[in-house]
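# Topology and contacts: notes
One letter stands for each residue in the lines below.
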Amino acid sequence: MAEPTASRTAAPDIVVTDAPAPADLALISDELDRFNTEASGTADRRPLAVLVKDPDTGAVLGGLTGRTSLGLLFVDLFHLPPALRGHGLGSEILRRAEEEGRRRGCRSAVLYTITFQAPGFYQRHGWRVFGEIPCDPPGTSRVFMTKDLVPDLG
């Protein structure tokens, strides 16, 4: 399949949307991954999910999504319904994601949370803040966190 090319006589259109087509998102992701693979010589990007499922129906109730790439575990989304919180399930989900990151060769992990979400939860599990950016509502910040997954042997 030939790669699409821009017309030589007209500049490409730029479109801002809140409803991108899944194929468009996939193209951007795949092309960036291809560039990263060529630049780094490493082709290790993989999605990661730790899902919590209803034992009777198999329906997903919550969990964690992210990815691994170039030695990093990225935690993108993490949600449990209120009824499943406070019983150690979130800790187990995070532990399993970190364990899978290590299994895939990740040395570190990164995520962001919001001050009204769960920075304390992550800190209790060895994550540390490396940046904070104010956001809305006033008084709220996005909190960027990291964790070493492999002990520093040096």
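Now for a description of the structure that goes with this document. On a predicted model such as this, the values are computed, not experimentally measured, just so you know.

In this section: the sheet that holds strand β1 (residues 46–53). What the six strands build is an open sheet, ordered β1-β2-β3-β4-β6-β5; its pairing is mixed. Every other strand in the sheet has two partners, leaving β1 and β5 (128–135) as the edge strands with one partner each. Averaged over all pairs of adjacent strands, the angle between their axes in this sheet comes to 20°, without regard to strand direction. Across eight bridges, the pairing between β1 and strand β2 (residues 60–69) is antiparallel. Looking at β2, one finds that K53 is bridged to V60.

This part covers the side chain of S69. Along the chain, S69 falls in strand β2. You can call S69 buried: its relative accessible area is 14%. The residues contacting S69, other than those within four sequence positions of it, are D44, R45 and F74.

With that settled, the discussion passes to helix α2 (residues 89–103). Taking 1.5 Å of rise per residue, the 15 residues of α2 would be expected to cover 21 Å, and the 21 Å separating its terminal C-alpha atoms lies within 8% of that figure. In this fold, the buried residues of α2 make contact with β1, β2, β3 (72–79), α3 (119–124) and β6 (140–148). Positive backbone phi, at 95°, marks G105, one or two positions downstream of α2.

Conventions used here
Residues numbered from 1 in each chain as written. Predicted model: local features only at pLDDT ≥ 70, side-chain atom pairs only at ≥ 80, totals over all residues. Heavy atoms only, no water. Pairing = 2+ DSSP bridges. Helix = DSSP H or I, 4+ residues; strand = E, 2+ residues; numbered from the N terminus. Axes fitted to C-alpha atoms, helices over the stretch in contact; angles between N-to-C directions. Buried < 20%, exposed > 50% of the residue type's maximum accessible area, 1.4 Å probe, protein only. Contact = heavy atoms within 4.5 Å. Expected span 1.5 Å × (residues − 1).

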